[in-house]
Amino acid sequence: MPQPLRSNDPAPTLAEVARRAGVSTATASRVLNRSARVSTEVAARVERAARELAYVRRRAPSARETGVVAVVVFADPLQYHADAFPVRLLAGLRRSLPGAERELAVFTVPRRSRRPPLVRYLCGGHVDDVLLVGPWGDTALARLLHAARVPVVSLGRPAEPGTVAFVDADNLAGAREAVRRLCASGRRSVATIAGPPDTAAGADRLAGYHQTVAAMASARRPAVAYGDFSAASGEHAMQRLLDQRPRSTWCSPPPTRWPREPSGPCGGTACGCRRTSP
């Protein structure tokens, strides 16, 4: 798998893309600039070579900053607009931006979608910085941003260490403490609604749950159901757990925040869980 491009690595050139694709530099330029028609097979070779080399077309350096910070949220647009967290996130970002001449540009992107237009915009000199929010999956976008020398930070630990700078909660320790408190209050059968195991937050929280249940002599066997951090999936997972009749359930909220104000039956915020008998 291609490794993240370090800041001191030489940027790949158009000539290197052309050589890797087995075409002339002029042909590679026509493909990437979409300035003339070429065969589908040739275009596919050039685009594949550009992806493998993390090649990004660069605009001439600007004499001034754009004043724009891009916030890329990897979530279904309908789910994003129904969640209160993005409002709090944007409010916090606005307060943290120095001066009044900075603007936020927010993009909602389905997690596993192809996104060439977004990449071209972010790497084309239109933004000064990029914040990635949510489970953004493969490292292609981060690699291309690094190649274009665009500062990027992830809200949440990426699945691959060393990919990009990030800010995150300690999900492993948080899960351990949540289960420990439930066991200390007298619960013996503690279940969990886990997030997607291919995300860092989902994997860490599930690991913390299993470690603590195994270490507590009073705890019974684990009971796990999976969701995707949405309210609907949390409700469905809780229904499955209720069939097993657990005495207490710890739900895993979306990875970008922990519940602050109780609003649902389980005491969490938009988690979809239902309270069980103590």
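Anyway, here's the lowdown on the structure attached to this text. (Residues numbered from 1 in each chain as written. Predicted model: local features only at pLDDT ≥ 70, side-chain atom pairs only at ≥ 80, totals over all residues. Heavy atoms only, no water.)

## Points about the overall build of the protein chain
Here is the rule we go by: A helix here means a DSSP run of H or I that spans at least four residues, while a strand means a run of E at least two residues long, and both kinds are numbered starting from the N terminus. Working definition: with a 1.4 Å probe on protein chains only, accessible area under 20% of the residue-type maximum means buried, over 50% means exposed, and in between means partly exposed. Any two residues having at least one pair of non-hydrogen atoms within 4.5 Å are treated as being in contact. The Shrake-Rupley method, run with a 1.4 Å probe, gives the accessible areas here. Residue values count only the displayed protein chains as cover.
Secondary structure assignment for the protein chain yields 10 helices and eight strands. Each of the 278 residues in the protein chain was classed as buried or not, and the buried ones make up 42%. Here the contacts in the protein chain between residues at least 6 apart in sequence split such that 62% fall between residues at least 24 apart. Taken as a whole, the protein chain presents about 15,400 Å² of accessible surface, with 54% of it coming from carbon and sulfur.

## Here we look at the pairing of strand 3 (residues 129-133)
For the record, the criterion: DSSP bridges decide pairing: two strands pair if at least two such bridges lie between them.
Among the five residues in strand 3, four count as buried, and that is most of the element. When strand 1 (residues 68-74) meets strand 3, the two strands line up parallel, connected through five bridges. Its bridge partner lying in strand 3, Ala-70 is registered against Val-130. When strand 3 meets strand 4 (residues 152-155), the two strands line up parallel, connected through four bridges. In the sheet register, Val-133 faces strand 4, and the bridge partner there is Leu-155.

## Details of the sheet that holds strand 1
Selection criterion: Angles here are taken between N-to-C directions and fall from 0 to 180 degrees, while the axes themselves are lines fitted to C-alpha atoms, restricted in helices to the stretch in contact.
With respect to topology, five strands assemble into an open sheet ordered 2-1-3-4-5, the strand pairing being parallel. Sheet topology places strand 2 (103-109) and strand 5 (165-167) at the edges, where each strand pairs with a single neighbour. The average angle at which neighbouring strand axes cross in this sheet is 25°, direction not considered. The sheet contacts of helix 5 (residues 85-96) involve strand 1, strand 2, strand 3 and strand 4, and relative to strand 2 the element is tilted by about 150°.

## Digging into the packing of helix 8 (residues 171-184) against helix 9 (residues 200-215)
Definition in use: Here roughly perpendicular refers to angles of 65 to 115 degrees, roughly parallel to angles under 35, roughly antiparallel to angles over 145, and oblique to all remaining angles. When the near helix sits turned anticlockwise from the far one by under a right angle, the crossing is termed left-handed; a clockwise turn instead gives a right-handed crossing. Gly counts as polar in this scheme, as do all residues outside two lists: the nonpolar Ala, Val, Leu, Ile, Met, Phe, Trp, Tyr, Cys and Pro, and the charged Asp, Glu, Lys and Arg.
Running from N to C, helix 8 and helix 9 point in directions that differ by 40°, and their axes come no closer than 7 Å. The pairing of helix 8 with helix 9 is recorded here as oblique in orientation. Of the two elements, helix 8 crosses helix 9, and the hand of that crossing is right-handed. Facing Asn-171, Leu-172, Ala-175, Arg-176, Val-179 and Arg-180 of helix 8, the residues of helix 9 in contact are Ala-201, Asp-204, Arg-205, Ala-207, Gly-208, Tyr-209, Gln-211, Thr-212 and Val-213. Its residues placed into classes, the contact of helix 8 with helix 9 shows seven nonpolar, four polar and four charged.

## Quick notes on helix 8
Given 3.6 residues per helical turn, the α-helix brings residues three or four places apart onto the same face. We apply this condition: Given the number of residues in a helix, its expected span is that number minus one, multiplied by 1.5 Å. By construction, the arc corresponds to the directions joining the helix axis to the C-beta atoms.
Between its terminal C-alpha atoms helix 8 stretches 20 Å, which fits the 20 Å expected from 14 residues at 1.5 Å a residue. Within the span of helix 8, buried status applies to Asn-171, Ala-175, Ala-178, Val-179, Leu-182 and Cys-183. Down the axis of helix 8, the buried side of the element spans an arc of 130°, and every buried residue falls inside it. Exposed and facing more than 90 degrees away from the buried side of helix 8 are Arg-181 and Ala-184. Directly beyond the C-terminal end of helix 8, a positive phi value near 110° is found at Gly-186.

## Observations concerning the pattern of salt bridges
Working definition: two side chains of opposite charge can pair if their charged atoms are close together. The test is simple: Salt bridge, as applied in this entry: a Lys or Arg side-chain nitrogen positioned within 4 Å of an Asp or Glu carboxyl oxygen.
Within this structure, the stated rule accounts for six salt bridges. A salt bridge links Arg-180 to Glu-177, with the shortest nitrogen-to-oxygen separation between them at 3.0 Å. Highlighted residues: Arg-180 and Glu-177, both in helix 8, separated by three residues, approximately one helical turn. Salt bridges here are not isolated pairs; linked through shared partners, they connect Glu-177, Arg-180 and Arg-181.

## Structural notes on the nonpolar core
Operational definition: Residues belong to one nonpolar core when they are buried, are Ala, Val, Leu, Ile, Met, Phe, Trp, Tyr or Cys, and are joined through side-chain atoms within 4.5 Å.
Ranked by internal contacts, the top residues of the largest apolar core, which has 25 residues, are Val-72, Leu-122, Val-130, Leu-132 and Leu-145. Counting only elements with at least two residues in this core, the list comes to strand 1, strand 2, helix 6 (116-122), strand 3 and helix 7 (140-147). Counting residues per element, this core draws most heavily on helix 7, at five residues. Those residues in contact with Val-72 that lie beyond four places of it in its chain are Phe-107, Val-109, Leu-118, Leu-122, Val-130, Leu-131, Leu-132 and Val-133. Within the second largest apolar cluster, 13 residues are counted, among which are Ala-21, Ala-43, Ala-49 and Ala-50.

Keep in mind that these numbers describe shape and distance, not what the molecule does.
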